[in-house]
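# Architecture at a glance
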Amino acid sequence: MAVIAQEDELLDVLSNTGEKTGISRPRGDVHRHGDYHRAVHVWIFSESTQELLLQKRADCKDSWAGLWDISSAGHISAGDTSLLTARRELDEELGIKLPKDAFELIFVFLQECTINNGKYINNEFNDVYLVTTLDRIPVEAFTLQESEVSAVQYIAWEEYKDLLAKEDPEYVPYDVLGQYGQLFKIIEKRYKINNVDRCLALQKQLDRYVTIPLEAELAGLSEADKEALVCLIKAAKVMDDIFYLQVWYSNPALRDWLKEHSGISKLNLLKWTYYSINKSPWSILDENEAFLTTADSAVTLLPDSSKLVSGWRGLEYKAAFPLIKPPGANFYPPDMDKMEFQLWKNTLSVDQQMAATGYFTIVKRRSESDVDTPLHDLHDLYVVPFSEEYRSFLTKATDLLYKAAELTDSPSLRRLLIAKANAFLSNDYYESDIAWMELDSKLDVTIGPYETYEDTLFGYKATFEAFIGIRDDKATSQVKLFGDSLQDLEQNLPLDDVYKSKDVVAAPIRVIQLIYNSGDVKGPQTVAFNLPNDERLVNERGTSMVMLKNISEAKFKHILVPIANSCIKEEQKKSVDFESFFTHTVCHECCHGIGPHSIRLPNGQESTVRLELQELYSAIEEAKADIVGLWALRFLIDKGLLSSSLMESMYVSFLAGCFRSVRFGLEEAHGKGQALQFNWLYEKGAFVLDSDGTFYVDFSKVEEAVKSLSSEILTIQAKGDKISAKSLLENYAKMTQPLSYAMEKLESIKVPVDITPVFSATHILQDRLG
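What comes next is a walk through the structure. (Residues numbered from 1 in each chain as written. Predicted model: local features only at pLDDT ≥ 70, side-chain atom pairs only at ≥ 80, totals over all residues. Heavy atoms only, no water.)

## Let's talk about the overall build of the protein
Looking only at helices and strands, the protein features 30 helices and 26 strands. In terms of overall size, the protein behaves like a compact globule, its C-alpha atoms giving a radius of gyration of 28 Å where 770 residues would be expected to give roughly 27 Å. Within the span of the protein, comprising 770 residues, buried residues form 61% of the whole. Carbon and sulfur atoms form 51% of the exposed surface of the protein, whose accessible area is close to 30800 Å². In the protein, 81 positive and 116 negative side-chain charges are present, and the distance between their average locations comes to 3 Å. (Helix = DSSP H or I, 4+ residues; strand = E, 2+ residues; numbered from the N terminus. Rg over C-alpha atoms; globule rule 2.2 N^0.38 Å. Buried < 20%, exposed > 50% of the residue type's maximum accessible area, 1.4 Å probe, protein only. Areas by Shrake-Rupley, 256 points an atom, 1.4 Å probe, with all protein chains shown as cover. Lys, Arg positive; Asp, Glu negative; His and termini not counted. Charge placed at Lys NZ, Arg CZ, Asp CG, Glu CD.)

## Observations concerning the side chain of Glu47
Mapped onto the fold, Glu47 is located in the loop between β3 (36-46) and β4 (51-57). Its relative accessible area of 17% is what places Glu47 among the buried residues. Engagement of the side chain of Glu47 in a polar contact is seen with the side chain of Lys318, the distance being 3.1 Å. Setting aside chain neighbours within four positions, we find Glu47 in contact with Thr132, Thr133, Leu134, Tyr191, Ala295 and Lys318. (Polar contact = N/O pair within 3.5 Å; in protein donor to acceptor, adjacent residues only side chain to side chain. Contact = heavy atoms within 4.5 Å.)

## Topic: the sheet that holds strand β21 (residues 544-548)
Reading across from one edge, β17-β18-β19-β21-β20 is the order of the five strands in this open sheet, with mixed pairing throughout. Edge positions in the open sheet fall to β17 (443-449) and β20 (528-531), since each of these has one partner strand only. Geometrically, the sheet is characterised by an average inter-axis angle of 35° between neighbouring strands, direction not taken into account. Strand contacts of helix α14 (residues 430-437): β17, β19 (509-519), β20 and β21, with the helix running at about 55° to β21, the strand carrying the most contacts. Its contacts with the sheet put helix α21 (residues 578-591) on β19, β20 and β21, and the angle it makes with β21 is roughly 155°. (Pairing = 2+ DSSP bridges. Axes fitted to C-alpha atoms, helices over the stretch in contact; angles between N-to-C directions.)

## Side note on empty space enclosed by the protein
Taking a probe equal in size to a water molecule and rolling it over the atoms shows the remaining empty space. Applying the stated criterion across every chain yields a total of two cavities of 30 Å³ or more. Going through the elements one at a time, β3, β4, β6 (72-75), β7 (104-115) and β8 (120-133) are the ones with two or more residues in the lining of the largest cavity. Taken together, the residues of the lining of the largest cavity sort by class into eleven nonpolar, nine polar and eight charged. In terms of lining, the second largest cavity is formed by Tyr359, Phe360, Tyr429, Asp433, Pro449, Tyr450, Pro532, Asn533 and Asp534. Within the lining of the second largest cavity, the residues separate by chemical class into six nonpolar, one polar and two charged. (1 Å grid on protein atoms, 1.4 Å probe; cavity = no way out; pocket = protein on both sides within 12 Å on 5 of 7 lines; lining within 4 Å. Points joined across faces, edges and corners; volume = space filled by probe spheres on them. Nonpolar A, V, L, I, M, F, W, Y, C, P; charged D, E, K, R; others polar.)

## Remarks on the packing of aromatic side chains
What characterises a pair of aromatic rings is the spacing of the ring centres plus the angle enclosed by the ring planes. Across all of its chains, the model carries 44 aromatic pairs by this definition. Taking 5.9 Å as the distance between ring centres and 35° as the angle between the ring planes, the aromatic pair formed by Phe556 and Phe581 counts as tilted. Note that Phe556 is positioned in helix α19 (residues 549-567) and Phe581 in helix α21, a separation of 25 residues in sequence. Connected via pairs of aromatic rings, a cluster forms that spans Tyr359, Phe360, Phe386, Tyr390, Phe424, Tyr429 and Phe464. For the cation-ring pair, Arg610 lies above Tyr359, with the distance from its terminal atom to the ring centre recorded as 4.0 Å. (Phe/Tyr/Trp six-rings, centres within 6.5 Å; stacked < 30°, edge-to-face > 60°. Lys NZ or Arg CZ within 6 Å of the ring centre and 35° of its normal.)

## Focus: the packing of helix α13 (residues 411-426) against α14
In contact at an axis separation of 8 Å, α13 and α14 are set at 155° when each is read in the N-to-C sense. Comparing the axis directions of α13 and α14 gives the class roughly antiparallel. The handedness of the crossing between α13 and α14 comes out as left-handed. For the pair α13 and α14, the contacting residues are Arg415, Leu416, Ala419, Lys420 and Ala423 in the first and Glu431, Ser432, Asp433, Ile434, Ala435 and Trp436 in the second. Looking at the contact of α13 with α14, its residues break down into six nonpolar, one polar and four charged. (Parallel < 35°, antiparallel > 145°, perpendicular 65-115°, else oblique. Left-handed = near helix turned anticlockwise from the far one by under 90°.)

## Observations concerning the environment of Ala419
If you trace the backbone, Ala419 turns up in helix α13. Sequence separation between Ala419 and Leu728 is 309 residues; the distance between their C-alpha atoms is 41 Å.

## Concerning the pattern of salt bridges
One pass over the full model with this rule turns up 50 salt bridges. Put simply, Lys20 and Asp12 hold a salt bridge, and the shortest N to O gap is 3.9 Å. On the basis of relative accessible area, Lys20 is assigned to the partly exposed category, the value being 39%. The exposure class of Asp12 is buried, given its relative accessible area of 17%. A salt bridge links Asp127 to Arg38; the nearest nitrogen and oxygen atoms lie 2.8 Å apart. With Asp127 in strand β8 and Arg38 in strand β3, this pair connects stretches of sequence that are 89 residues apart. Here Asp127 falls in the buried class, since its relative accessible area comes to 6%. By sharing partners, the salt bridges in this structure join Lys325, Glu454, Asp520 and Lys522 into a single network. (Salt bridge = Lys/Arg side-chain N within 4 Å of Asp/Glu carboxyl O.)

## Examining the nonpolar core
Ranked by size, the top nonpolar core spans 165 residues in total, and within it Phe482, Phe659, Leu676 and Leu681 carry the most contacts. Among the elements that make up this core, the one with the highest residue count is helix α23 (residues 617-638) (13 residues). Counting residues in hydrophobic clusters, the runner-up holds 50 residues, among them Cys199, Tyr275, Phe291 and Leu302. (Core = buried A, V, L, I, M, F, W, Y, C linked by side-chain atoms within 4.5 Å.)

## Some points on the pairing of β8
The buried fraction of β8 amounts to 13 of the 14 residues, a majority that puts the element mostly inside the structure. Sheet topology note: the β3/β8 ladder contains eleven bridges and is parallel. The partner of Tyr36 across the bridge, within β8, is Asn123. When β7 meets β8, the two strands line up antiparallel, connected through eleven bridges. Paired with Ile115 across the two strands is Tyr120, which belongs to β8. Taking the residues that link successive antiparallel strands as the turn, the β7-β8 hairpin has four residues, and the phi of Asn116 there is positive, at about 55°.

Below, the structure written as structure tokens:
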């Protein structure tokens, strides 16, 4: 260890499951008492030679003196972070300075052992990092810390694995058949798979999407709006740039690298194509399993990361991303956990807490930035508004929105664009959201930070997106009924009256033909959205919704119809129709606007459903909108506001739709919510698997099953009951045997999971876009 690692260095004491206890003790005491604590292991791997770098521990070390060990390692001092420690140890022990995107956290290893005749008890959680360089680092480039390291050498990873398996006495022991064997399995899997197999695997993943050209009829737009549209598409492209950065900090470098190299080989083209659908290296349809590795990533040259060596251009490394998608995306430090956030949040004022948990901020570390810590503030975490973090992008988007506002001849669109441009720079989206709700324009625009699906740590932070379309006036007039019925629906919800709102505002609904989207639109395509999500506006003004009719039509034709033909019983198959599918989608979005939002907890405290359910909120809310939407359709039919001819078709279309959404994966909010609903209704006998392998709706049971689940979810939300929400998801949002059967059936006949739109508008406007 370095100078800080003396006997009196303070370490955080952990529980035997790795959580902080709030106690810190001197390092010597920790090892004498056998306290659990945390450390880092950093491995440097030379890709071209397939070798790991080892260091020889100094003879003066109090453990494993004089033996060959990890490239660099060290304890995480009390108050320090894992990533900061990894970077510091590599610099102090070997003289190698690397940025955070060089470090890939590959697993956490618990080491429990006793050495030195029982005087040194090591109960240590180790964050194991891999740094991948293109080639060996010359020995002359290292600056070894004499008190820690006596020598370094490269060794083939397979040879090193064999030496550990044989328990060679010259090497610090690690159980290669146990947890630590993950290091070698990861390297082997990463580099031993051949290109043919990778191509086949990627092509199979790609085949789950069917490419659909989306024709754009611009004839209904004025010439002024066509000119404005050019600026709006350019602004929408900026939303993409921000979103890539929001997903993971090395994601933009990976995107640019894959695109640049996509023409080199078939494999590279497949990597780029599938990456473009997911907008990250994690596959949405595979529970966010990584389909790329750091070995596929961008190469960065650092000529001054170490001592200069004649004839060597400098260290080249692969920009890292973790195998497991970070739950906090790029909204929080990658090594921050919920406990650290909560402890910090508890020290903040009410206004500061609102900023920390707000939609439009990120949380960073002072220790990883140039920000000075105020004398009165001892905490490492601090809040940065979107307007500051993404200023360069938002300034560009703002200029484009102002220009579009000058060009359009629609007063309401001009107001929206100016308000949104102002919001980008002020970080206050209140007025722009009102302007969006009041938009009355043939050219329909939604742009800005809205959904919180990427933040699976808490569900607090919003991602940037854009949807641009042309309003379908006829369809918009036809769905007005749903928005006007919200108050009536609210008062009749299957929920205790004490939780119902007395002043739900009618929800305007706009039906559009989508001509372009960007930002947080990846994997399965959105068919509709209900905004804003800000609870203040929902309570004061209600919500508005936008239906993407051409997307819905494409999904129904290319996905839902084949699903119904395969999975729905013959007698009910004819009931699956577009009207029921689209009508339920409208109702789903409407039902985001009713039910609990701002709530009063049992202790009397004011809160929101989102803040109380945290990372569970998105899945519960999607399930609520779905199942309450189905309940609402029956209610409107009973009131005579919808045709009774929908009665059977809406339930059967919903059943077919369950199979469609579950295929999105159970890590995705819509897929998880849909699995919950299907399994509940199946358990209640409302959905039945027939002896011929098809499914059907038992109409005598479905109404009560829908009502009971609606009541269950609404009550959980009204009480802010995270424990019950977790229990409901654990019990029902899972891949049960009937669901697995249907998924396997659809996989065997290769029904697409979703669509990938190709927007003709970008070609139509190519000359103007430049």
